[in-house]
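Fold and contact review
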Amino acid sequence: MGKKVLGVELAPAHVPLERRKQTLSALMAMLIFVFGGLSATILMIKLLFTNYFWITLLYGVWYIYDWNSSSHGGHRVNSVRRMKYNEYLRDYFPISLIKTADLDPAHNYILGYHPHGIMSIGAYNNFATEATSFSDKFPGITPYFLTLKLLHHLPLYREYLSMTGICDVSKQSIQYILRQGKKGCAVVIVIGGAKEAMDANPGETNIVLKKRKGFVKIAIREGAQLVPVFSFGENDIYKMALENDPGSKVRKFQRWFQHVVGFAPVVFSGRGIFNYTFGLVPYRHPVNTVVGKPIPVERVAEPSQEQIDALHGRYMQDLERLFDAHKDKYGYGGHKLNFIE
């Protein structure tokens, strides 16, 4: 515990260098997440009014040429996925990847990630990097973490996402990955999306899933096995800075904004670099991502609503079983999954 001054808990002056590096990595992750795309966009615009305008023009040519790569597998660079920065980020919380069953490389998969949290930090660190040794734990499986299409339109930021193997979450993107002609592809989708981010409060287990059946329909059409994934601690790395209870003015505004723009604005708070009381650096809280057992899926070109509903129900049951089987071990004893919307 640090010293308190005027109600602010200060971090100790003498902290091991490794922990300093971990905190710096968490700060970088937050800055990239919140300001990365906007900062890069402003930079490219400002360059137009300098002697380096040609950089923006050349990049513009590439941008147009590469416009739709996020829907065609991206440009994965393994050295980027294995950057030391990702290991420091892993150790900061820490983040762990827990395997409960093998994934046969002879099949393709759709991994449903829950919950969204603020940053989906567990999804990024486990599936967009090799920090938790995904390839060693699931040999022969290539993960594709999917995010909003909008993020892949932001200059420079889109290149960073692409090099980590992150693609967009459009139907076209999912079908491209699953129809490449090779097996062992694992699409990772944060099923609850922007709506679920609005319930990312510590200890909350609200899961937006009841009406989310599109991923199930695609799984049946492509014959991809479904795998439930629950990340214990994802909602615990930040606190909501504004009360946004259902029905409140804040929640109504968030819903409206999400409907218009595609993502929900959330005002969150964490700790600082040199204090534990306030700031935007996420809290040090373990994030344990548990990958469940795959659900076999028979390929049907045009599945009926009954088939979709049946598989969706099975998926919800398996996700709940996964949560119940591990909740005591990871600090969620006494909690139950609350399926909403």
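Notes on the structure in this doc start here. (Residues numbered from 1 in each chain as written. Predicted model: local features only at pLDDT ≥ 70, side-chain atom pairs only at ≥ 80, totals over all residues. Heavy atoms only, no water.)

Side note on the sheet that holds strand β6 (residues 167–168)
- Taken in spatial order, the 7 strands of this open sheet run β3-β12-β9-β4-β7-β5-β6, and their pairing is mixed. A strand with exactly one partner marks an edge of an open sheet, and here the two such strands are β3 (95–99) and β6.
- Bridge analysis of strand β9 (residues 225–232) against strand β12 (residues 287–291) gives 4 bridges, and the strand direction is antiparallel. The residue of β12 that forms the bridge with phenylalanine 232 is asparagine 288.
- Set on the sheet, helix α8 (residues 171–178) makes contact with β4 (109–114), β5 (142–147), β6 and β7 (185–190); between it and β7 the angle comes to about 155°.
- Across the face of the sheet, helix α12 (residues 305–326) comes into contact with β4, β9 and β12 while running at roughly 35° to β9. (Pairing = 2+ DSSP bridges. Helix = DSSP H or I, 4+ residues; strand = E, 2+ residues; numbered from the N terminus. Contact = heavy atoms within 4.5 Å. Axes fitted to C-alpha atoms, helices over the stretch in contact; angles between N-to-C directions.)

Here we look at the state of the cysteines
- Under the defined criterion, the tally for this structure stands at 0 disulfides.
- Distance from the sulfur of cysteine 167, which forms no disulfide, to the nearest cysteine sulfur (cysteine 185) is 10 Å. (Disulfide = S-S within 2.5 Å.)

Structural notes on the packing of helix α1 (residues 17–47) against helix α4 (residues 84–92)
- It is at 8 Å that the axes of α1 and α4 come closest, and there the two elements cross at 100°. With respect to their mutual orientation, α1 and α4 come out roughly perpendicular. Listed contacts from α4 to Glu18, Lys21, Gln22, Thr23, Ser25, Ala26, Met28, Ala29 and Ile32 of α1 are Tyr85, Tyr88, Leu89, Asp91 and Tyr92.
- Grouping the constituent residues of the contact of α1 with α4 by class yields 8 nonpolar, 3 polar and 3 charged. (Parallel < 35°, antiparallel > 145°, perpendicular 65-115°, else oblique. Nonpolar A, V, L, I, M, F, W, Y, C, P; charged D, E, K, R; others polar.)

Some words on the nonpolar core
- Counting residues in hydrophobic clusters, the biggest one holds 46 residues, and the most contacted among them are Ile121, Tyr124, Phe127 and Phe145.
- Leave out the neighbours within four places in its chain, and isoleucine 121 touches Leu89, Phe93, Ile95, Glu234, Ile237 and Val287.
- Ranked by size, the runner-up nonpolar core spans 37 residues in total, among them Cys185, Ile189, Val297 and Leu319. (Core = buried A, V, L, I, M, F, W, Y, C linked by side-chain atoms within 4.5 Å. Buried < 20%, exposed > 50% of the residue type's maximum accessible area, 1.4 Å probe, protein only.)

A closer look at the side chain of aspartate 199
- The residue aspartate 199 is located in the loop between α9 (193–197) and β8 (206–208) in this model.
- Apart from residues lying up to four places away in sequence, aspartate 199 is in contact with Glu204, Asn206, Asn235, Arg251 and Ile340.

Observations regarding the packing of aromatic side chains
- Scanning the model with the defined rule gives 17 aromatic pairs in all.
- Ring centres of phenylalanine 232 and tyrosine 332 lie 5.5 Å apart, and the angle between their planes is 70°; this geometry places the pair in the edge-to-face category. Taken as a pair, phenylalanine 232 in strand β9 and tyrosine 332 in the loop between α12 and β13 (338–340) lie far apart in primary sequence, 100 residues in all. Both residues of the pair, phenylalanine 232 and tyrosine 332, count as buried.
- Every member of this aromatic cluster is reached through a ring pair, and the members are Phe230, Phe232, Phe323, Tyr330 and Tyr332.
- A cation over an aromatic ring shows up here: arginine 76 above the ring of tyrosine 144, its NZ or CZ 4.7 Å from the ring centre.
- Here the basic side chain of lysine 99 rests over the ring of phenylalanine 138, its NZ or CZ set 5.4 Å away from the ring centre. (Phe/Tyr/Trp six-rings, centres within 6.5 Å; stacked < 30°, edge-to-face > 60°. Lys NZ or Arg CZ within 6 Å of the ring centre and 35° of its normal.)

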